[in-house]
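Examination of the molecular architecture
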Protein chains: 2
Amino acid sequence: MMEIRVGILGLGTVGLGVARMLIEQQSLMAKRLGKKLVLVAAADRNLERDFGLDLSGVRLTDDAHDVVTADDVDLVVELIGGYEPARSLVTTAMQHGKHVVTANKALIAKHGEELLPLAAANHVALAFEAAVAGGIPCLKSLREGVAANNIESIYGILNGTCNFILSKMEDEGADYADVLKEAQALGYAEADPTFDVEGIDTAHKLSILASMAYGSHIKFDEVFTEGISKISAADIEAVAELGYRIKLLGIAKPHRGKDGDKVEMRVHPTLVPLSSQIAQVADSYNAVMISGDFVEHTVSIGRGAGERPTASAVMADIMDIARVTPGGLQFMAPAMGYMPDERQDLATLDMSDVQSEYYLRLQVQDESGVIAAVTSILADHRISLEAMQQKERNTEQTVPVIMLTYRTTEGNLQAAISRIVALSAVEDDVLILRKESFAT
Amino acid sequence: MMEIRVGILGLGTVGLGVARMLIEQQSLMAKRLGKKLVLVAAADRNLERDFGLDLSGVRLTDDAHDVVTADDVDLVVELIGGYEPARSLVTTAMQHGKHVVTANKALIAKHGEELLPLAAANHVALAFEAAVAGGIPCLKSLREGVAANNIESIYGILNGTCNFILSKMEDEGADYADVLKEAQALGYAEADPTFDVEGIDTAHKLSILASMAYGSHIKFDEVFTEGISKISAADIEAVAELGYRIKLLGIAKPHRGKDGDKVEMRVHPTLVPLSSQIAQVADSYNAVMISGDFVEHTVSIGRGAGERPTASAVMADIMDIARVTPGGLQFMAPAMGYMPDERQDLATLDMSDVQSEYYLRLQVQDESGVIAAVTSILADHRISLEAMQQKERNTEQTVPVIMLTYRTTEGNLQAAISRIVALSAVEDDVLILRKESFAT
C-alpha cells in the first residue's frame, strides 16, 4: 500500500493529538483512503518530556528546519502557531515540494494571500480546515457543500474562550473579571487573554470564512472588532428579560451599494433571540451559521478547539491531500473556494454604513425630563425604540436605563449617542450592543 | 472554458430547482469550478405546463431514455424517485458512460450496493448527497470531514414531515390526526403519509449514513422502525413536564459483542432532553448529530427538503464530479466513505439486545395495589424507575400512569411489559417510547 509520510512541527496539545491519530487510527484511515499515512518526523523545542504517547520510530528533532527540508517527508503539519517562524517554515516546506496542513488562523488570515500562490507555484497543497472552528468541517462545507450558492450571510461563534466566559457569566450571574479568572485557572483562557476576549481571534477566523464565501481577499485588520470585556452580569440579566442572550459573533454579509460591491465584516458581542439555534450554543462550543440563496439556513455546532477535535480537522485535510497524491492535485477544490484568477478585492463596508438594531445602556440622573430629552434626540435621528427600561430609582446617583432600538445605521446611531452624552444628566459611558434576528 | 453537459430526469419541484440553479448560478459556479455547467436536456412526463423558468435552449423530452443515452450529456441527474424506472434509467446512464447524481434515498438504500460497483465498472461517478438531509452537507462531512474518526454514534432528525407534525402538536396542543390533516393541506405531508410518518423514509436515510460510517452494507429492512402515529398530545405534554421533547430519531451505533461487531440501527419516536441541541430543531428542519472518538460531538441543522435546499445538494455533487472531469475520477473520496474492498457485512444488532431508557404510558384501574403489582414486576426484571406519575383519579374508568425507567435491554423491558399487561387491572395498550441522553 502506498505511503504518505508526515512530519509535524510543534508537539503541543494539537501536535500530540495529530501524532496520536496518525498512530492509533492508521488502519481505519487506510481503509477509507487506500493509502497508509505514516508519521516519520516531528520537531519540538522541548524533547525532554513525557509525551504520553509511544513515538519510537518517529525521528524527533528540536530543529524544525530539518523536518521541512527532509527528503522522507511528503507533507508537513505546522502547529507552532503565530506569524514567525511559522511563515518561514511553511514557505521552506512548500519550496521543498512538501504539502502543508496548518491550524494557524493568524498565519492564513495575514499571509494566506502570499502563501497560496506559493503553494500553486510549487505544485503542493496548502490546507487549513483546523484554523476555523476545529471540530466543525465548516471550510469544506462552505467551499464544497454550498458551493453553488450565493452566500447571504455568515454568523459564527468562533472563539470558545469567549463563549465559555459568556455562558458562565449567565449561569452564575458572575461578572466578567471573576469568570475570566476561573477560565484562566481551568486553562480555557490564556494568561494574557487579549487575543481571544477582544475578538481578534474571531476576526482572523471570520476573514478566512468571508474570503472563501465572497471570493475576495478580506483584510482582517479592516474587520470591525469589539470584545466582551465591557459586558456585565447586569447586561446579561437585562437582555435575558428582553428575550435575548449575548454571544460574541463574527458576522459577514455581502453589500451591494451605489459605490460597488463590498463586504460587511464585524466582530462584536451581539444580542441573539433566546429561541434561536445559535443562542443554544453554550460553553466552549463553536457554531457556524451559513445562509445561501438556495440552501437557506444551515447551522453547524461542534468543538472549536482542544487536542482531539482540532487534530480531527487536521487529519481530514491530510486525508484530502493524500487522496490526490500523487498526480491529482489539480482536481482538488481550490483552497479559497474560487479559482485563483476569479478572486477579486472587495472593499470592506465602512462600519458607519452598517445597519443594525441596538441595545443601549445609559447611566442617567433620575430626574424628570431626562428620558424625554434622550428620546427626543433619538427621534431627531429617526431612531425608533422597541423597548425602554428604567428599573432603579435613586435621586442620589445615576441609574441605568436600557433601550432597544429598531434598525438604523451605525453612523446615525453614533451621531445620536454623541448628542445624548452631551446632555448634563447622562454619563459619557454608554454601552452599545448590536442585535441580530435569525430565521432559525 | 470547458463545459460539463447535464441532463435532468424529472422536472418536479427539485428538478426545476436544479434547472434553475444551472441557469441562474452558472457564472458563480464557473468562478468556483473553472468549468461551465450547461443544462442541455430534461425529461418529464408532462411537458405541457408552465415551468416558471425559461428553458429555451434546453432539449425537452417526455422520454427519459433519450436523455440517459444522449451523446451530448455528460452527467445525468435522476430526480424521478422510487425504485423503477429510476433504477433502470440510472443503470443505462452509467452503461452509457454518464455520471449520475441522484436525490433518491430509496434507490440508494435498496440498490446502492448493486449500483456502486456498476459505476466503478463504467468509470463514472454516482453521488447522492441530496438523498439525506438535503440542506445539510452531511454525507460529505461524514465521508471527508470526520474521515479520521471512529464514529461512536449518529442521531438524525431526517424526516421534515414528522418533525413538522411533532412541532405543531406541541405548539398547538393538538393531536396527531388533526396536525396530519393540516400538514397535508399545506403540502408538508403526502396524501398517503405512511412512508414518512411510519419512519420508512428515515430508515432509508439512516441506512445510507450508517453504511458510510461503518464501512458496511446496512440493509434498511433490518432497521427497527416505529413511526409517530401513536403519539398523543397528552404524551407530548407529559414528557415536557419531565424535561423532554419527542423527536423521531434515526439512531446508529457500533456494537462490539461476544459474537462479533454489529451495528445498532433503529428509528423511533425518542425522548430527548429539552436542553439538548437536537430538541431545539423545530418545524421541517433536519439535524444530524455525529460523534467521533476525536472530533467529539458535531450537530448540523438545515432544511431537509424543498426545491431550493435539495437542488443545492444536487449541485454540490455535480460540482464535485465536474471538478475531477475528465481524468480525475480516481481522486474522489469513495462514495461510501471506505475503499470498496475494505467494506464488510456487519450484522444488525437484534432489537432485543438494544439498551435504552424508557417512557411507559399504561392505562390502569385506579385501585390500590395496582401500582405495587406493576413496580414489583419491573423489580423482578431489575428495571429501576427514574420517575412515576399518576395525575388523574377516576374509579369509573382506567387512568394513565406514566413511568420513566433507567437503562435496560429492550428484550428485558418487553418481557416485563408482557407480564404487566397480563394483570387484570392493566389495559393491553401500553405506549413504549425510548429515551436518549446527549453530551450536548
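These figures come from a predicted structure and were not determined experimentally.

**Focus: the overall build of chain A**
The number of helices and strands found in chain A is 14 helices and 18 strands. Relative to its length of 440 residues, chain A is compact, with a C-alpha radius of gyration of 24 Å against a globular reference of 22 Å. Considered along the principal axes of its C-alpha atoms, chain A spans approximately 80 × 50 × 35 Å. Expressed as a percentage of its 440 residues, the buried residues of chain A come to 61%. Sequence-distant contacts, at least 24 apart, represent 74% of the contacts inside chain A between residues at least 6 apart. Within the structure as shown, chain A displays about 16500 Å² of accessible surface, and the carbon and sulfur contribution to it stands at 47%. Each charge sign in chain A was given a centre, from 39 positive and 62 negative side chains, and these centres are 5 Å apart.

**A look at unusual backbone geometry**
Cis geometry marks the peptide bond from Glu84 of chain A to Pro85 of chain A, where omega comes out at 5°. Examined against the element boundaries, Pro85 of chain A turns out to sit in the loop between strand E4 (75-78) and helix H4 (86-95). The backbone of Arg382 of chain A shows a phi angle near 55°, a positive value even though the residue is not glycine. Inspection of the secondary structure puts Arg382 of chain A in the loop between helix H13 (370-380) and strand E15 (385-389). Non-glycine residue Glu296 of chain B carries a positive phi angle of around 65°.

**A short note on the relation of the copies chain A and chain B**
Expressed as a screw operation, the relation of chain A to chain B combines 0.0 Å of axial shift with a rotation of 180°, fitting to an RMSD of 0.0 Å. Taken together, the rotation and translation describe the operation of a two-fold axis. Scanning chain A for the C-alpha nearest the rotation axis identifies Ser300 of chain A, at a separation of 2.1 Å. Both copies contact each other with a shared surface, as 100% of the interface residues of chain A are interface residues in chain B too.

**Considering the domain arrangement of chain A**
Splitting chain A by domain gives domain 1 (3-135 + 307-342), domain 2 (139-301) and domain 3 (351-435). On a C-alpha basis, the centres of domain 1 of chain A and domain 3 of chain A stand 50 Å from each other.

**A word on the interface of chain A and chain B**
With 61 residues of chain A at the contact, the number on the chain B side is 61 residues. Across the interface of chain A and chain B, roughly 5300 Å² is buried in total on both sides, 53% from carbon and sulfur atoms. Interface area lost by chain A to chain B is led by Arg32, Phe294 and Phe331 of chain A, which between them contribute 17%. Taken together, the links from chain A to chain B amount to 4 salt bridges.

**Re the packing of helix H5 (residues 105-121) of chain B against helix H10 (residues 200-214) of chain B**
Residue and element names in this part refer to chain B. At a closest axis distance of 9 Å, the pairing of H5 and H10 adopts a crossing angle of 55°. In this view, H5 runs oblique relative to H10, as classed from their interaxial angle. In terms of crossing hand, the pair formed by H5 and H10 is left-handed. Within the contact between the two elements, H5 uses Lys105, Ala106, Ile108 and Ala109 and H10 uses Asp201, His204, Lys205 and Ile208. Among the residues making up the contact of H5 with H10, the classes are represented as 4 nonpolar, 1 polar and 3 charged.

**Considerations on the pattern of salt bridges**
Residues and elements named next belong to chain A. According to the stated counting rule, one finds 64 salt bridges over all chains in the structure shown. Taking the shortest distance from any N to any O, the salt bridge between Lys219 and Asp345 comes out at 3.5 Å. Of this pair, Lys219 sits in the loop between helix H10 (200-214) and strand E8 (224-225) while Asp345 sits in the loop between helix H12 (307-323) and strand E13 (347-348), and the two are 126 residues apart along the sequence. Accessibility expressed as a relative area gives 30% for Lys219, which makes it partly exposed. Its relative accessible area of 58% is what places Asp345 among the exposed residues.

**Brief notes about the side chain of Ser167 of chain B**
Residue and element names in this part refer to chain B. Turning to its location among the elements, Ser167 is positioned in helix H7 (residues 160-172). With a relative accessible area of 7%, Ser167 lands in the buried category. Setting aside residues up to four positions removed in sequence, Ser167 forms contacts with Lys247, Ala282 and Asp283.

The rules behind these values
- Residues numbered from 1 in each chain as written.
- Chains lettered and ligands numbered in written order.
- Predicted model: local features only at pLDDT ≥ 70, side-chain atom pairs only at ≥ 80, totals over all residues.
- Heavy atoms only, no water.
- Helix = DSSP H or I, 4+ residues; strand = E, 2+ residues; numbered from the N terminus.
- Rg over C-alpha atoms; globule rule 2.2 N^0.38 Å.
- Buried < 20%, exposed > 50% of the residue type's maximum accessible area, 1.4 Å probe, protein only.
- Contact = heavy atoms within 4.5 Å.
- Areas by Shrake-Rupley, 256 points an atom, 1.4 Å probe, with all protein chains shown as cover.
- Lys, Arg positive; Asp, Glu negative; His and termini not counted.
- Charge placed at Lys NZ, Arg CZ, Asp CG, Glu CD.
- Least-squares fit on C-alpha atoms with pLDDT ≥ 70 in both.
- Domains from an automatic or database assignment.
- Buried area = accessible area lost by both parts, 1.4 Å probe.
- Salt bridge = Lys/Arg side-chain N within 4 Å of Asp/Glu carboxyl O.
- Axes fitted to C-alpha atoms, helices over the stretch in contact; angles between N-to-C directions.
- Parallel < 35°, antiparallel > 145°, perpendicular 65-115°, else oblique.
- Left-handed = near helix turned anticlockwise from the far one by under 90°.
- Nonpolar A, V, L, I, M, F, W, Y, C, P; charged D, E, K, R; others polar.

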